[in-house]
Amino acid sequence: MLNVKSRLEGKTVRLSLEGVLDISTVDTFNSQTEQLSGISELVLDMAGLEFIDSSGIGAILQVVRLSQERGFTVNLENANENISELLNTVGLFQIIEALQKGAN
Amino acid sequence: MPRYLKTYIYLVTITGMAVLSFFLLRIEISFLPAILSIGIIAGVLEKFDIELPNGTIFSGSTIFAFVVMAVYGIPEAVVIEIIISLVSIPLIKSERIKFLYNTSQYIICIVAAGYAYVWVGGVPGDFHWSDIPRLLFAIAVDSLLNFTLLSVIISRLSERKYFATWIEMVQDGVFIYLVSSLLSVRLALSYEPHDQLQFWIEALFVFVAFLALRYAFALFINLRKTYLTTMESLTQLTENKLSISGGHATRVGRIARKMAEKMKLSQDEIDAIHYAALLHDLGKAYLEEKIFQKRGPLTLEEEREYRKHAEIGADMVKEINGLAKAAEYIRYHHECWDGTGFPAGISGERIPLGARIIAAADQYDHIFYKKKTPADFAALAGTKLDPQVVEIVLGIADLQEEPREMAMPATIEEKLIENLVISEARKRVYQSQLLDKFGASLIVHYNNGEFRNEAGDSIDIPCREQVITLVEKARIQQGGVREILEEAQSGKIYDIYCVPTGDEVSVIFFDVTDILEYEKKQEERVRNLYREVIYSVTQGKLLLVEQKEIELLKTGVHISSHPILAKTDVANCRRQVQEVLESRPLPPKVRYNILLGTSEAVTNVLKHATEGQMSLYMVGDLLRIFVSDNGSGIDLSELPRTTLMAGYSTKHSVGWGFSLLLKTMDRIVLSTGPRGTTIVLEIKLVDTPEKVVTNNITTLKEENVRYA
């Protein structure tokens, strides 16, 4: 199960993820991110995220692509140890970094 | 023929003949040369009738009957009608009763028109300006009476309601009435008893005008036919490639056209619908062939790919001049009335009518091709199809003939199959390294229960009984049949092609025993090669095996099994694994990695197959997670890239799955084939020092990273 709470702080949207992000929950996640526009920053707060796999990572990559199109930045925060290692292994952080440098 | 219809025909015939004998005696002999000349012109026009683009037949001959009625008299007009009848019927078919009935009907109509003319104050034989409305009235009476009499027979033959038939005839007849009236009035006005030159020039003018009109319409219709035939042949070529039943597009095109005609749509609309129906599956040519040749259900990924064909087809057709409307119908031909279709998911009347018609025609053809009944088709009303459109389809009586009729293929299709069979055989022969072995191939001709060789001698053939069944099938279908048969005694395998040519069927045998054996060996060799290469580059972490070797791994304690059918099963499977891990003292990282591996393997099943199963076995401390599916397997040549390259996937997804598996598991055993893939994840549930070390290193590294 995945719970996504959305909060708007100025031009920043903070999505708090709670639960697991896999093929069974990416649709819930996508429905929250697809409509994002007119913002300058998206924060994915992963404090409550227990598990993510390649399908979930794929969904985050989609958001990163979307951010390039619509001109906002993406920040991943509070990922637990297991998850941040995984994201590191697949190079997600490097991708985000490279893209946002390129955009600037 | 029902009795009332017979009675009706005799009644009309007797009345007609009685009227005829009454009027024949009243013909003015001095008019005869002129009447006969006009009769000849009328007769020629009757012979060269005009087919209007909407299919109605229009002949200029009756114009002369009206004119003669107005400027000579009713008996003379009767003569014209007899000449017309003589020209039209015997030349087509020498059926006496049909001729008599038709003649009678013409006579009754023209006499009624004549009396109508007299009744409103006209005097046959003396036509003036003031008589124009009277003549128009008389022509209307003639037309309406003609429709009234004819509808009795037509409605019976086409099994439709009398009144509906009549209304339809009147609607179709309005244009013809206007043209006939205009020309009749013009011709009648030009008649001067004492100076007939003007009249004959006008008559000639009408005559030539009609021939020119006929030529123009014929040209137009021919052009359209050529266009359609070209398109039909093209679609049949694609159908062969896509394993769609041959002639599907052609049939859907014709059914859709009939529906559109029945709904009285405009000619432009009917043509657009016909073209769209013909090309409705064009987009499939763009997609990968294997999706269409696959026999089992499609995976999610394949389904998504398949669904694109409607839009791709529409975009392709849009580029063709004049087919913009047709393109829109193609785009929406997979939409459903209840909104469950694709690509847009629109419902009801928001779907363009043309697209709804094509959808119905498409379903109709599918259902009748599978030999189902109209009830199966009617059941789709309101869900998949527009209920009103369905009703119209079911109301078209002669539609049911269409699939059978089309099952007899046109010559072009026959040639195509023949060419395909021959070229395919040729290709195989030339490409084969075992060309010399093909010397054993055999060509025989089957006729009247006997097989003969090229020299005409009766010979014995392998698998005789089965081949006879094939040959009969080819002859009845008038299409190529291919089958691979094994002869039990010798164990030889033959690839057999049957190609009908008229009554005879040519049968070509290829002995493919050796080539199959060779291919099998070759495949084994390739498999072994891959197995070794993959094993060594993954340092023994990935082992490629045969399915039966997988079974050997199912030792120890069987803990549980779980089906993989829906996305939620990914989480369920993880939960099962988690239960096993709970009792073990493992670092959280290892725990996470095992769950990650489970998640990836199970997700792969959903992405590349339609269903699967996960089973857990324990041998001592070794946990084996078996995940198997019914998909079409991993292509051997894709295997190194799928397994080794991070980020590579055959289905455009985020291809981290496999490389993550390799990273996190102790060993992976994989078996893949056309009937499915099984992956075994092996992991020792002990906290080895080695694992602790690697975990610590990654943790350290991580702390130094600040993520933007």
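One can find the structure itself at the top, above this paragraph.
Residues numbered from 1 in each chain as written. Chains lettered and ligands numbered in written order. Predicted model: local features only at pLDDT ≥ 70, side-chain atom pairs only at ≥ 80, totals over all residues. Heavy atoms only, no water.

Undergrad: Whenever I open this one, the sheet that holds strand S4 (residues 450-452) of chain B confuses me. Can you help?
TA: Note: strands within a sheet are paired through backbone hydrogen bonds, in either parallel or antiparallel orientation. All names here are of chain B. Pairing in this open sheet of five strands is antiparallel, and the strands run S4-S3-S7-S6-S5 from one edge to the other. Of all strands in the sheet, those bounded by a partner on one side alone are S4 and strand S5 (481-486). Taken pair by pair, the neighbouring strands of this sheet meet at an average axis angle of 30°, ignoring direction. In terms of strand pairing, strand S6 (residues 493-501) meets strand S7 (residues 504-511) through eight bridges, oriented antiparallel. Among the inter-strand pairings, Pro-500 is bridged to a residue of S7, identified as Val-505. Each of strand S3 (442-447), S4, S5, S6 and S7 touches helix H20 (residues 464-477); the most contacted strand, S5, lies at about 175° to it. (Pairing = 2+ DSSP bridges. Helix = DSSP H or I, 4+ residues; strand = E, 2+ residues; numbered from the N terminus. Axes fitted to C-alpha atoms, helices over the stretch in contact; angles between N-to-C directions. Contact = heavy atoms within 4.5 Å.)

Undergrad: What's the story with helix H9 (residues 248-262) of chain B in this structure? I'm lost.
TA: Because the α-helix completes a turn every 3.6 residues, residues three or four places apart line up on one side. Residues and elements named next belong to chain B. Across its 15 residues, H9 extends 21 Å between first and last C-alpha, which sits within 8% of the 21 Å expected from 1.5 Å per residue. The element H9 is largely enclosed, with a buried count of eleven among its 15 residues. Lys-264 sits one or two positions beyond H9 and adopts a positive phi of about 60°. (Expected span 1.5 Å × (residues − 1). Buried < 20%, exposed > 50% of the residue type's maximum accessible area, 1.4 Å probe, protein only.)

Undergrad: Before we go on, may I ask you to explain the interface of chain A and chain B in this structure?
TA: Interfaces are often sized by the accessible area lost when the parts come together. Counting residues at the interface gives 26 residues for chain A and 26 residues for chain B. For the pair chain A and chain B, the two sides together bury roughly 2300 Å², of which 61% comes from carbon and sulfur. Among the residues of chain A in contact with chain B, Ile-23, Phe-51 and Ser-54 of chain A are the three that bury the most area, contributing 25% of the side total. Between chain A and chain B we count four salt bridges in total. (Buried area = accessible area lost by both parts, 1.4 Å probe. Salt bridge = Lys/Arg side-chain N within 4 Å of Asp/Glu carboxyl O.)

Undergrad: Just checking my understanding: could you explain the packing of aromatic side chains for this structure?
TA: Describing an aromatic ring pair means giving the distance of the ring centres and the angle of the ring planes. Residues and elements named next belong to chain B. A complete count under the given rule lists 14 aromatic pairs over all chains for this structure. Taken together, a centroid distance of 6.0 Å and an interplanar angle of 15° make the contact between Phe-163 and Trp-166 stacked. Here the residue Phe-163 and the residue Trp-166 both occupy positions in helix H7 (residues 162-189), the gap between them amounting to three residues, near one helical turn. For Phe-163, a relative accessible area of 56% corresponds to the exposed category. Between the aromatic rings of Phe-199 and Trp-200, the centroid separation amounts to 5.5 Å while the plane-to-plane angle is 80°, which identifies the pairing as edge-to-face. The exposure class of Phe-199 is buried, given its relative accessible area of 1%. For Trp-200, a relative accessible area of 25% gives the class partly exposed. Across from the ring centre of Phe-22, 3.7 Å away, lies the NZ or CZ of Arg-26, which sits over that ring. Seen from the ring of Phe-626, Lys-554 lies directly overhead, with NZ or CZ sitting 5.3 Å from the centre. (Phe/Tyr/Trp six-rings, centres within 6.5 Å; stacked < 30°, edge-to-face > 60°. Lys NZ or Arg CZ within 6 Å of the ring centre and 35° of its normal.)

Undergrad: How should I be thinking about the nonpolar core in this particular structure?
TA: For soluble globular proteins, nonpolar side chains are generally found buried alongside one another. Core analysis: the biggest nonpolar cluster contains 71 residues, and Leu-42, Ile-60 and Leu-76 of chain A together with Leu-623 of chain B have the highest contact counts within it. With nine residues, the single largest contributor to this core is helix H24 (residues 588-608) of chain B. Setting aside its immediate chain neighbours within four residues, Leu-42 of chain A contacts Val-13, Leu-15, Leu-36, Val-63, Phe-72, Thr-73, Val-74 and Asn-75 of chain A. The next biggest cluster of nonpolar side chains, apart from the first, holds 52 residues, and it includes Phe-64, Val-78, Val-79 and Ile-107 of chain B. (Core = buried A, V, L, I, M, F, W, Y, C linked by side-chain atoms within 4.5 Å.)

Undergrad: What is the right way to look at the pattern of salt bridges in this model?
TA: Any two side chains of opposite charge can pair, on the condition that their charged atoms come close. Enumeration according to the criterion identifies 28 salt bridges over all chains in this entry. Taking the shortest distance from any N to any O, the salt bridge between Lys-325 of chain B and Glu-269 of chain B comes out at 2.8 Å. Taken together, the residues span a long stretch of sequence, with Lys-325 of chain B in helix H14 (residues 324-331) and Glu-269 of chain B in helix H10 (residues 267-278) at a distance of 56 residues. The exposure class assigned to Lys-325 of chain B is partly exposed, which follows from its relative accessible area of 42%. For Glu-269 of chain B, a relative accessible area of 15% puts it in the buried group. In this structure, the salt-bridge partner of Arg-475 of chain B is Glu-472 of chain B, at a minimum N-O distance of 3.0 Å. You can see Arg-475 of chain B and its partner Glu-472 of chain B sitting in helix H20, three residues apart, about one turn around the helix. For Arg-475 of chain B, a relative accessible area of 29% translates into the label partly exposed. In this structure, a network of salt bridges that share partners links the residues Arg-7, Glu-9, Arg-14, Asp-45 and Glu-77 of chain A.

So far we have only geometry, and geometry alone does not tell us how the molecule works.
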